[in-house]
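Fold and geometry: a report
Spelled out, the chains give:
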Amino acid sequence: MHPAYSVIFFTTASGMGYGLLILLGVLAQAEMLPASRLLGLASLGIALSAVTFGLLSSMRHLGRPERVLRAYTQWRSSWLSREGVLATMTYVPAGLFAAGWIGFGDVGGIWRFCGLAAAVLAGCTVYSTGMIYATLRPIHAWCNRWVVPTYLSLALFTGALWLNAILLLFGHATAAAPLVVLLTLLPALYIKWRYWRFIGSTRATSTPETATGLGPIGKVRLLDPPRTQTTYVTREMGYRIARKHAAKLRRYGYVFLFAIPFVLTVAAAGTASWMAAGAAAAAALSGSVGVVVERWLFFAEAKHVVTLYHGAQAA
Amino acid sequence: MTSLPRDPGPKKLGLVIDLDTCVGCHACALSCKEWNAGGVAAPLPDWDPYGAEPDGVWFNRVHAFEAGDGADGRTVHFPRSCLHCDEPACVTVCPTGASYKRQEDGIVLVDEDLCIGCKLCSWACPYGAREYDHDAGVMKKCTLCIDRIYNTNLPEAERVPACVAACPTSARHFGDLGDPESPVARLVAERGGYDLMPEMDYRPVNKYLPPRPKHDHAASGPGSAVSPVTEPEPEGESRFLRWLDATLSR
Ligand code: SF4
Ligand code: SF4
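Fair warning: this is a prediction, and the values are worked out from it, not measured in the lab.

Basis of the calculations
The written sequence of each chain sets the order in which its residues are numbered from 1. Both sets of labels track the order of writing: A upward for chains, 1 upward for ligands. Per-residue local features of the predicted model are confined to residues with pLDDT of at least 70, and side-chain atom pairs are confined, for both listing and counting, to 80 or more; whole-chain, interface and lining totals are unaffected and use all residues. Calculation of side-chain values draws on the structure's entire complement of heavy atoms; hydrogens and water are dropped beforehand. Both cavities and pockets are sets of points on a 1 Å grid over the protein atoms alone; in a cavity a 1.4 Å probe fits but cannot get out, in a pocket the set is open with protein on both sides within 12 Å along at least five of seven lines, and lining residues sit with an atom within 4 Å of a point. Grid points are joined across faces, edges and corners, and a volume is the space filled by probe spheres set on the points. Secondary structure follows DSSP: runs of H or I at least 4 residues long count as helices, runs of E at least 2 residues long count as strands, and numbering of each begins at the N terminus. Any residue outside Ala, Val, Leu, Ile, Met, Phe, Trp, Tyr, Cys, Pro, Asp, Glu, Lys and Arg is labelled polar, Gly included; the first ten of those are nonpolar and the last four are charged. We define the nonpolar core as a collection of buried residues of types Ala, Val, Leu, Ile, Met, Phe, Trp, Tyr and Cys that are connected through side-chain atoms lying within 4.5 Å of one another. Summary of the burial criterion: residues with accessible area below 20% of their type's maximum are buried, those above 50% are exposed, and those between are partly exposed, where the area comes from a 1.4 Å probe applied to protein chains only. At least two DSSP bridges between two strands are required for those strands to pair. Here a pair means two rings of Phe, Tyr or Trp (six-membered ring of Trp) with centres within 6.5 Å. Their orientation is stacked below 30 degrees between planes, edge-to-face above 60, and tilted elsewhere. Here, a charge over a ring means that NZ of Lys or CZ of Arg falls within 6 Å of the ring centre while also lying within 35 degrees of the ring normal. Within 3.5 Å is the distance limit for a polar contact, defined as a pair of N or O atoms, with the added protein rule that one can donate a hydrogen and the other accept it, and that residues adjacent in sequence qualify only through two side-chain atoms. Here a residue-residue contact requires only that any non-hydrogen atoms of the pair lie within 4.5 Å. Nearness is judged by heavy atoms alone; a residue qualifies as near a molecule or strand once a single heavy atom is within 4 Å of it. Only one rule defines a salt bridge in this text: a Lys or Arg side-chain nitrogen within 4 Å of an Asp or Glu carboxyl oxygen.

What follows covers the layout of surface pockets. Here the largest pocket is characterised by a volume of approximately 570 Å³. Lining the largest pocket are 27 residues, and of these Leu-55, Ser-58, Met-59, Leu-80 and Glu-83 of chain A lie nearest its centre. Those elements giving two or more residues to the lining of the largest pocket turn out to be α1 (5-29), α2 (37-60), α3 (79-104) and α4 (109-134) of chain A together with α3 (120-124) of chain B. At six residues, the largest contribution of residues to the lining of the largest pocket is made by α3 of chain A. Taken together, the residues of the lining of the largest pocket sort by class into 19 nonpolar, seven polar and one charged. The volume enclosed by the second largest pocket comes to roughly 470 Å³. Forming the walls of the second largest pocket are 19 residues, and the residues nearest its centre are Ile-199, Arg-243, Arg-250, Glu-301 and Lys-303 of chain A. Counting residues per element, the ones that place at least two in the lining of the second largest pocket are α6 (176-201) and α9 (243-268) of chain A.

We now examine the nonpolar core. Counting 153 residues, the largest nonpolar core has Tyr-133 and Trp-142 of chain A as the members making the most contacts within it. Broken down by element, the residue count for this core peaks at 14 residues, all from helix α5 (residues 147-169) of chain A. With seven residues, the next largest nonpolar core counts Leu-177, Val-188, Val-205 and Leu-209 of chain B among its residues.

The subject of this paragraph is the pairing of strand β5 (residues 74-81) of chain B. Residue and element names in this part refer to chain B. Here β5 lies mainly inside the structure; six of its eight residues are buried. Pairing of strand β4 (residues 60-67) with β5 involves eight bridges; the strand directions are antiparallel. Pairing of Glu-66 across the sheet is with Thr-75, part of β5. What sits between β4 and β5 in their antiparallel hairpin is a turn of six residues, with Gly-68 showing a positive phi close to 75°.

Here we come to the packing of aromatic side chains. As enumerated under the stated definition, the model contains 25 aromatic pairs over all chains in all. Measuring from centroid to centroid gives 5.7 Å for Trp-79 of chain A and Tyr-127 of chain A, while their planes differ by 75°, and the two rings are edge-to-face. With Trp-79 of chain A in helix α3 and Tyr-127 of chain A in helix α4, the pair connects residues that are 48 residues apart, well separated along the chain. Tyr-127 of chain A sits in the partly exposed class, given a relative accessible area of 35%. Seen from their ring centres, Tyr-133 of chain A and Phe-299 of chain A are 5.7 Å apart, and the 90° between their planes marks the pair as edge-to-face. A residue pair is termed long-range when its members are at least 10 positions apart, and Tyr-133 of chain A in helix α4 and Phe-299 of chain A in helix α10 (residues 274-300) qualify at 166 residues. Neither Tyr-133 of chain A nor Phe-299 of chain A differs from the other in exposure class; each is buried. Joined through ring pairs, the aromatic side chains of Tyr-133, Trp-142, Tyr-151, Tyr-195, Phe-298 and Phe-299 of chain A together with Trp-123 of chain B make up one cluster. We note Arg-76 of chain A situated over the ring of Trp-75 of chain A; from NZ or CZ to the ring centre the distance is 4.8 Å. Its end group placed over the ring of Tyr-151 of chain A, Arg-295 of chain A keeps NZ or CZ at 4.3 Å from the ring centre.

As a further point, take the side chain of Thr-11 of chain A. Residue and element names in this part refer to chain A. Structurally, Thr-11 can be placed in helix α1. At 3.1 Å, the side chain of Thr-11 and the side chain of Arg-295 are in polar contact. The contacts of Thr-11, once residues within four sequence positions are left out, are Thr-129, Tyr-133, Tyr-151 and Arg-295.

Here we come to the site of ligand 1. Within the structure, ligand 1 sits among 13 residues, and Cys-82, Leu-83, Cys-85, Cys-90 and Cys-125 of chain B are positioned closest to it. Partitioning the shell around ligand 1 into residue classes produces 10 nonpolar, one polar and two charged.

Once that is clear, we can look at the pattern of salt bridges. All names here are of chain B. Throughout the structure, instances matching the rule amount to 23 salt bridges over all chains. For Arg-203, the salt bridge identified is with Asp-86, shortest N-O distance 3.6 Å. You can see Arg-203 sitting in the loop between α6 (183-191) and β11 (207-209) and its partner Asp-86 sitting in the loop between β5 and α2 (89-92), a full 117 residues away along the chain. Taking relative accessible area as the criterion, Arg-203 reaches 42% and is therefore assigned partly exposed. A salt bridge links Arg-102 to Asp-105; the shortest N-O distance between them is 2.7 Å.

Encoded structure:
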């Protein structure tokens, strides 16, 4: 599948923003969130701007962005529509949570529940994003049980990296934040590893034989494509990446997304120096680069069964 | 409404494509392009049509495949267009309600006034039947010539999709596949018509008829219509007799 930058930026930035929002809501609920207004401004500011820029970037992907309100109508059947509805609904409790925290310096009482509601809706939004991909049967690399967990775990993990960095930068070193980073890193790493193993060892059930129905005659291969140049379908669905490039990028993904953030987070844990804050910020930046690489591969490595009509022998 | 019709009607209009008779002439694809460039989905844009990289929106494209090897191998011309599936995920993924399946005849359409051009439907179609018009910013697809088949301004015989009307070998048949007694449904039953990628579970309405089994020329012996090209050139009298034989048996 063609890796469109607008969609990659949208899913990674909004994923991180929602992950951060979830963690802030949960910490508020656990009464572990410092009530500092500056901290509120920084953390909710970063979370909500990441979400908002992500959503705006996803609109650049549309042919008729001015009609975007139509996309709220089909929530009964469409995960894309549900994602839009939930993303918009999340702003309401998130806005109230921000009002309490930034406006009144209060993360308890009623504001605490706003934080929790924002966390729940943010989680549902990321879940819907995952489901958009996980329900597309023509794409084997997406339509499998590892995809929704990947979206959720990476949202939480990248959110945790930024949470840790913000807390340290604003002088609120805690033991909990690095622990949250490590606790979210483990499932994210395991799921991504299983995902890559899964797509490396399994194939779509469709073949050129089932696509054409000519299997009873024998092995099927394309003799003449129906076009002289590329078409919308071959460009959008037929994107291919060489296996050796993919393997190299996976290694970059592991290093930037998991290895560097792990080392830097452990190094920064338990101290409150500006060095520790710098290390945590570098961990968050590295993780964000890593998740972009991961998401780029999520598209580039995914094969669509329509390619079987255009010469592919497997999808 | 991108939920599928709750109680789909009995009528399922669609095409039956005979892979035995299709000669791969592309007349259907051209005729489709011509009609639809002025039909409900108009315009059907082309970009750089006379340049080095021509590009454009087409609803019907003709592939050629080879199946099997050696003497048992076949070359099969293979037209591909929207199959107007019974379980079209292209419709249910649509966030806007632009994509829909008609209750009355099962035709799958895009309402271009509602489409936001998110392209998700084209990802959801296993058959590559939807093509994006980046001039209009909306998705386009085969309409089963909705503007011909119900068009009372056309003589009745012409109320078939443009591709069906154009096919010089009558490899394309149009009708109601929901009615087991219809000519198209009977054709499917007789010839073993099948679904493309049945494992996807989209339950296409359009069916394909497989190429008929090959004649075994070797078994049909002398008098076979085609003489092998390796036969030695006949000489003298025998050559004359052969000519005589061929002429008289015309
Ligand atoms: S062929 Fe593709 S576009 Fe047509 S109804 Fe089926 S899934 Fe939808
Ligand atoms: S491109 Fe248009 S028709 Fe297709 S899913 Fe998006 S809004 Fe619906």
